[in-house]
Amino acid sequence: MTDLVSLSRRDGVAVVTIDHPPVNAISHGVRAGLLAAVDQIRSRPGAIGAVLACAGRTFAAGSDIREFDAPVKEPHLSTVIAALEALPVPVMAAIHGTALGGGFELALGCHYRIASPDAKVGLPEINLGLIPGAGGTQRLPRLIGIAAALEWILGGKHVAAADALAAGAIDELAAGDLLEAAVAAVRRIAQQKAIRRTSALDIPKPAPADVFTAQRQAVAKRARGFEAPPAAIDAVEAAATLPFAEGMTRERAISDRLKASLQSRAQRHLFFGEREVARIPDIGKEVAARTIDSVGIVGAGTMGRGIAMACLNGGLSVTLVDRTNALADAGRASIAKSYARDVEKKRLSEEAMAQRLERLTAAGDMEALAQADLVIEAAFEDMAIKQSLFRDLDRICRPGAILASNTSTLDLNAIAAVTRRPADVIGLHFFSPAHVMRLLEVVRGRATAADVVVSAMGFGKRIGKVAVLSGVCFGFIGNRMFEGYVRESQRLLLEGATPAQVDRALTNFGMAMGPCAVIDLAGVDVSFLTREGNRPNLPPDPSYCLIGDKLHHLGRFGQKAGRGFYRYESGAAVSDPEVEALIRSEADRMGISRREIGPEDIVARCIYPLISEAAQILDEGIALRAVDIDVVWASGYGWPRYRGGPLFHADAMGLQAIVDGIHGFARDLGNDYGYWTPSALLAKLAAEGKLFKDWSRS
Ligand code: NAD
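This report concerns the structure included in the present document. (Residues numbered from 1 in each chain as written. Predicted model: local features only at pLDDT ≥ 70, side-chain atom pairs only at ≥ 80, totals over all residues. Heavy atoms only, no water.)

**Some points on the overall build of the protein chain**
- The helix and strand tally for the protein chain stands at 28 helices and 19 strands.
- Per-residue burial for the protein chain yields a buried fraction of 54% across its 698 residues.
- Excluding contacts between residues fewer than 6 apart, the proportion of contacts in the protein chain whose partners are at least 24 apart in sequence is 74%.
- Each charge sign in the protein chain was given a centre, from 79 positive and 79 negative side chains, and these centres are 3 Å apart. (Helix = DSSP H or I, 4+ residues; strand = E, 2+ residues; numbered from the N terminus. Buried < 20%, exposed > 50% of the residue type's maximum accessible area, 1.4 Å probe, protein only. Contact = heavy atoms within 4.5 Å. Lys, Arg positive; Asp, Glu negative; His and termini not counted. Charge placed at Lys NZ, Arg CZ, Asp CG, Glu CD.)

So, in structure tokens, the structure goes:
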């Protein structure tokens, strides 16, 4: 065949093997090889059946996504699958590892499927803004019914073999050797049954008549703004209402449209970006990570507890320390309660909870951290406290231990400087709630050793985070960009927009929450204190976050106080006339004339500053690449994945359009504080007609 696909014979059964490490991605070469193998089986009769298997650690785990940017090179996967399905002898897919996307579609085109008990199958295309494009939306409903197929395809989940068996997506689990079991099954079937082609099956288990309407309503809410979910529902509806061939044509048209869409390109950009961020250009593969099995955490408050859970969930042992035994025990008790809630909601087994709690120790004394591999400090945000803690850690911790701070704003270099081992000090900036949010900014200090960086990135991965490297500056990558965004959102209030109008414009743009709602959630007081800590560096602008300051002075600390930018009534945010009156009176006092501001203006006002700041962050070397910035905002700040991150979005808009927009704001609003001067790199790239994606430091 080809290097990628081979054909052999075992006990009278043809065995087609895909061997395309590491995950047997279905590239053009694999498709061509498969088609040749199918042709051979058909043209040289003799085999009583065939098995389709994969070498290495998994069945085909998907199509080769890198090929999606160009038009498909024939043969298309659906052509290969059609040929496979048309074979006159029974064909069995032998699934181990993960059969995903195009890989699972290939398996669905086989007449039968056998899987190792630990295998997983699924159609996760939706996560890339796509739908299955080689018959997945047409064949899966014929095997498991409309309702279940919609759930699988819209959820994009990996389904365990036992569940897939119960649903009818696979036919058998292999107890022992998979290939042996597959060959035996083919031999059995060849004697007993007529071939069962998925495309010829009637759809089983009639779904409720309104299943499509219900799902359309559900995704309009759950996946607001995303094009792929409603398109996937259209494709599955075609399976329910059209003959197979017409359904395939419909699926193909939808799939091709999505593949070329900006949304899917944006989601693919983030998919690759989340892998790219792990690469640190100046650190070679020869730099080995230090072993991290036990983690010490200083501070059993909001962050310390969340970080502890993230570590426990990742299989690590945790010692949680606070100033007293009582405070540390309270931290432990709160973690136990949170796990108990998960058990109650059936998100966690009793056994898993017990295992996690067994690995958690609480202590009222830092000496308990003497043997920890990694210590993460999450005490109060105060330089004197942190420096004193790091002096203690330096004295107590074993040589080679990594000492990390979860500081959001303080200078990591100044913290490291009080120790005798600044090379072992690093920042691990988690986001709240730390066991839920995927983003972890790993902050590399001036003296941080390369192997400490590698260890921290590996630690992030181990506990399921997307770890992005940042240099030291106020706010690191994410919060530094957030600053201008929040500044403008609050200035817009004075100029005439309400908090609800600002938030609605940005959630309609796709942000998970609007900026006013975010601050109410994180704490109006927390945001005020962060400003206080940075006052000397803030512009002397009397309107700067004025409303946030006023709300703080009124004790309107946000959700936790039941009042902030909004009033909270049984958890729901409602507009508060008191806040609107406050805004009007402050605008009057400042002599700011108020006007109607449209949603497009609101969005531009808020996101142009963050794009300009992002360019500055790149220019200064705080972020390694444009995509790192995109990953930070998409995984930690609720930026819509279908817009690919702020810099992907800027590229899509065209950088000159953004520069022109910024100059326009300078003209209309004045530029006393330099808010509307595009950063140097943004201006330069725009002038040269270049894009962020083409930029690299060199
Ligand atoms: P918190 O007030 O909830 O918890 C701080 C804990 O540290 C308290 O339990 C306190 O008793 C303990 N502590 C204080 N001094 C100590 C000492 N000397 N020894 C041992 N324990 C001590 O605060 P938090 O919100 O969890 O924030 C902790 C750190 O994380 C801060 O540096 C903060 O800037 C950072 N951070 C917070 C967030 C957030 O959203 N809350 C996000 C990222 C980073």
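**Topic: the sheet that holds strand β8 (residues 159-160)**
- Here we have 3 strands laid out as an open sheet, ordered β5-β7-β8, and mixed in their pairing. Either end of the sheet is taken by a strand with one partner, and the two such strands are β5 (98-100) and β8.
- Bridge count for strand β7 (residues 120-122) against β8 is 2 bridges, and the pairing is antiparallel. Following the sheet pairing, K120 is matched in β8 by A160.
- Contacting β5 and β7, helix α3 (residues 102-109) crosses the sheet at an angle of about 90° to β5. (Pairing = 2+ DSSP bridges. Axes fitted to C-alpha atoms, helices over the stretch in contact; angles between N-to-C directions.)

**Quick word on the site of the ligand**
- Close to the ligand lie 21 residues; M303, D322, R323, E381 and K386 are nearest.
- Contact between the ligand and D322: an oxygen atom at 2.6 Å from a side-chain N or O atom of the residue.
- Here an oxygen atom of the ligand sits 2.8 Å away from a polar atom, N or O, in the side chain of R323.
- Where the shell around the ligand is concerned, the elements lending two or more residues are α12 (302-313), α15 (383-396) and β15 (425-430).
- Split into classes, the residues belonging to the shell around the ligand amount to 9 nonpolar, 8 polar and 4 charged. (Near = heavy atom within 4 Å. Polar contact = N/O pair within 3.5 Å; in protein donor to acceptor, adjacent residues only side chain to side chain. Nonpolar A, V, L, I, M, F, W, Y, C, P; charged D, E, K, R; others polar.)

**Overview of the packing of helix α18 (residues 476-495) against helix α25 (residues 626-636)**
- At a closest axis distance of 10 Å, the pairing of α18 and α25 adopts a crossing angle of 75°. By the angle between their axes, α18 is roughly perpendicular relative to α25. Contacts between α18 and α25 pair I477, G478, M481, F482 and Y485 from the former with I629, V632 and W633 from the latter.
- For the contact of α18 with α25, the per-class residue count stands at 7 nonpolar, 1 polar and no charged. (Parallel < 35°, antiparallel > 145°, perpendicular 65-115°, else oblique.)

**A closer look at the environment of Y673**
- Position of Y673 relative to the elements: it lies in the loop between α27 (655-669) and α28 (680-687).
- C-alpha separation for the pair Y673 and L538, spaced 135 residues apart in sequence, amounts to 9.7 Å.
- Excluding anything up to four places from it in sequence, Y673 contacts P539, P540, D541 and P542.

**Side note on unusual backbone geometry**
- Omega for the peptide link from P21 to P22 comes to 0°, which places this bond in the cis form.
- Topologically, P22 is positioned in the loop between β2 (13-18) and α1 (28-43).
- Between E74 and P75 the backbone carries a cis peptide bond, its omega angle lying at 0°.
- Non-glycine residue N24 carries a positive phi angle of around 55°.
- Inspection of the secondary structure puts N24 in the loop between β2 and α1.
- On the basis of relative accessible area, N24 is assigned to the buried category, the value being 1%.
- Here the phi dihedral of S570 falls at roughly 40°; this positive angle occurs in a residue that is not glycine.
- Looking at where S570 falls in the secondary structure, it is placed in the loop between β18 (567-569) and β19 (572-574).
- For S570, a relative accessible area of 84% puts it in the exposed group.

**Focus on the environment of V466**
- Summarising the element assignment, V466 is placed in strand β17 (residues 466-470).
- Accessibility expressed as a relative area gives 5% for V466, which makes it buried.
- Separated by 192 residues in the primary sequence, V466 and E274 have C-alpha atoms spaced 6.7 Å apart.
- Each residue touching V466, except ones within four places of it in the same chain, is listed here: E274, V277, R438, L439, L440, V631 and S635.

**A few points about the nonpolar core**
- Grouped together as the largest cluster of nonpolar side chains are 80 residues, with contacts concentrated most on Y485, I607, W633 and F692.
- Here the element with the most residues in this core is helix α24 (residues 599-619); it accounts for 12 residues.
- Setting aside residues up to four positions removed in sequence, I607 forms contacts with Y485, L506, F509, W639 and H649.
- The next biggest cluster of nonpolar side chains, apart from the first, holds 68 residues, and it includes V5, F104, I153 and L154. (Core = buried A, V, L, I, M, F, W, Y, C linked by side-chain atoms within 4.5 Å.)

**Regarding the packing of aromatic side chains**
- In total, this model carries 14 aromatic pairs according to the counting rule given.
- Measuring from ring centre to ring centre gives 5.5 Å for F271 and F272, while their planes differ by 75°; the resulting arrangement is edge-to-face.
- On the accessibility criterion, F271 (25% relative accessible area) is partly exposed.
- Note on W633 and Y637: the rings are 4.6 Å apart at their centroids and 10° apart in plane angle, and the pair reads as stacked.
- Since its relative accessible area comes to 0%, W633 is described here as buried.
- Among the aromatic side chains, those forming a connected cluster through ring pairs are F431, F482, Y485, F509, W633, Y637 and W639.
- Against the face of F271 rests R275, its NZ or CZ located 3.8 Å from the ring centre.
- Above the face of the F665 ring, R605 is positioned so that its terminal group lies 5.9 Å from the ring centre. (Phe/Tyr/Trp six-rings, centres within 6.5 Å; stacked < 30°, edge-to-face > 60°. Lys NZ or Arg CZ within 6 Å of the ring centre and 35° of its normal.)

**Focus on α28**
- L681, L682, L685 and A686 are the residues of α28 that are buried. For α28, the angular spread of the buried residues around the axis is 130°, confining them to a single face. Within α28, the exposed residues directed more than 90 degrees away from the buried face are A680 and A687.
- Positive phi appears at G689, one or two residues downstream of α28, with a value of about 70°. (Arc of directions from axis to C-beta.)

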